[in-house]
Every structure is written in structure tokens, then in C-alpha cells.
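# Analysis of the macromolecular model
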Amino acid sequence: MKVKRNESFRYHFDEPIAGEFYLVKDGRQTPVGLMKIHNISPSGMAIATPLKLPIDRATSIVVEFSLIRGLEPLKLNGLILHEKWLDAQRLYGIRLETTKDEQQQIIDTI
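These lines cover the structure that appears in this document, whether it is placed above or below. (Residues numbered from 1 in each chain as written. Predicted model: local features only at pLDDT ≥ 70, side-chain atom pairs only at ≥ 80, totals over all residues. Heavy atoms only, no water.)

## Re the overall build of the protein chain
- Each helix and strand in the protein chain was counted, giving one helix and seven strands.
- Reading the protein chain from its N end, one meets helices and strands in the order β-β-β-β-β-β-β-α.
- Relative to its length of 110 residues, the protein chain is compact, with a C-alpha radius of gyration of 13 Å against a globular reference of 13 Å.
- Counting only C-alpha atoms and orienting by the principal axes, one finds that the protein chain spans roughly 35 × 30 × 30 Å.
- Split into buried and exposed, the 110 residues of the protein chain put 37% on the buried side.
- Considering only contacts in the protein chain between residues 6 or more positions apart, those separated by 24 or more positions represent 56%.
- Accessible surface for the protein chain amounts to roughly 7,000 Å². Of this, 49% is attributable to carbon and sulfur atoms.
- Distance from the positive charge centre (15 side chains) to the negative charge centre (14 side chains) of the protein chain: 7 Å. (Helix = DSSP H or I, 4+ residues; strand = E, 2+ residues; numbered from the N terminus. Rg over C-alpha atoms; globule rule 2.2 N^0.38 Å. Buried < 20%, exposed > 50% of the residue type's maximum accessible area, 1.4 Å probe, protein only. Contact = heavy atoms within 4.5 Å. Areas by Shrake-Rupley, 256 points an atom, 1.4 Å probe, with all protein chains shown as cover. Lys, Arg positive; Asp, Glu negative; His and termini not counted. Charge placed at Lys NZ, Arg CZ, Asp CG, Glu CD.)

## A word on the nonpolar core
- In terms of nonpolar packing, the biggest core is built from 21 residues, with Ile-37, Met-45, Ile-47, Ile-61, Val-63, Phe-65 and Ile-94 touching the most fellow members.
- Listing elements by their share of this core, those giving two or more residues are strand E1 (11-25), strand E3 (33-41), strand E4 (44-49), strand E5 (60-65), strand E6 (74-86) and strand E7 (89-96).
- Among the elements that make up this core, the one with the highest residue count is E1 (four residues). (Core = buried A, V, L, I, M, F, W, Y, C linked by side-chain atoms within 4.5 Å.)

## Some thoughts on the pattern of salt bridges
- In the structure shown here, the tally under the stated rule is three salt bridges.
- For Lys-25, the salt bridge is made with Asp-56, and the minimal N-O distance between the two is 3.0 Å. Of this pair, Lys-25 sits in strand E1 while Asp-56 is found in the loop between E4 and E5, placing the two residues 31 residues apart along the sequence.
- Take Lys-25: its relative accessible area is 34%, and that puts it in the partly exposed class.
- Salt bridges sharing common partners tie together Lys-52, Glu-83 and Arg-90. (Salt bridge = Lys/Arg side-chain N within 4 Å of Asp/Glu carboxyl O.)

## Description of a nonpolar patch on the surface
- Among the surface-exposed residues, Phe-9, Tyr-11, Ile-107 and Ile-110 lie close enough to one another that they form a single nonpolar patch of about 310 Å² accessible area.
- Mapped onto the fold, Tyr-11 is located in strand E1. (Patch = residues over 30% accessible without salt bridge, like charges linked within 9 Å, V, L, I, M, F, W, Y side chains within 5 Å.)

## Overview of unusual backbone geometry
- The phi dihedral of Asp-26 falls on the positive side, at around 50°, and the residue is not glycine.
- By the element assignment, Asp-26 lies in the loop between E1 and strand E2 (28-29).

Right, here's the structure in full:
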């Protein structure tokens, strides 16, 4: 899958990586949903889910996943930027709000 991004480093998975997410708005948290990560960079990712998610700057998304089985999962905050259909699911572009250490951890793991 090709995602047009002007980013120097974006890793595309041959087989999407499973993970979980939840949304946070006004201090309230939704139940956990399942996702598949299609690509990732130190500052963003594309996830697929059958759920309809709001594209709203007041709502943040928290994603939790492990790029390597057995490693401690990463738990990162982000914002949903856009949505498009991918087969029977929706593909969402997420801008991650990562620290320099979290960005380096993503790079080292990939």
C-alpha cells in the first residue's frame, strides 16, 4: 500500500501489526478497540479498523502496540488527521505526539 507522505522515514509492514487503541475527550475514555498498523514513522502511523472514528482535534487517540513480540508495548498519544476506505475497513492517518526518546525507540525497533 502506498501512502503519499513527505517524510524521510516511514516503514510499511508487509503484514500489518495488531494493536489496541482508545479515544480520550474531555477526560473521558472510550472502550478499547482493535487496530492493524499498516505503516509507521517516528511521528505518525496509518491504522485500519472497522470502527468509525471521529476526526476531531479535541479528541486524542492512544495507541498501544508492540513491534516485536515479547517486547514491552509502546503506548503513544496522537491525533486522527484523515480517513479513507481500505476494503471493508477504514484507514486512519494518525499524527503521533512523540518525545525524542519515543521517536528513537520506534526507529531502533524497526
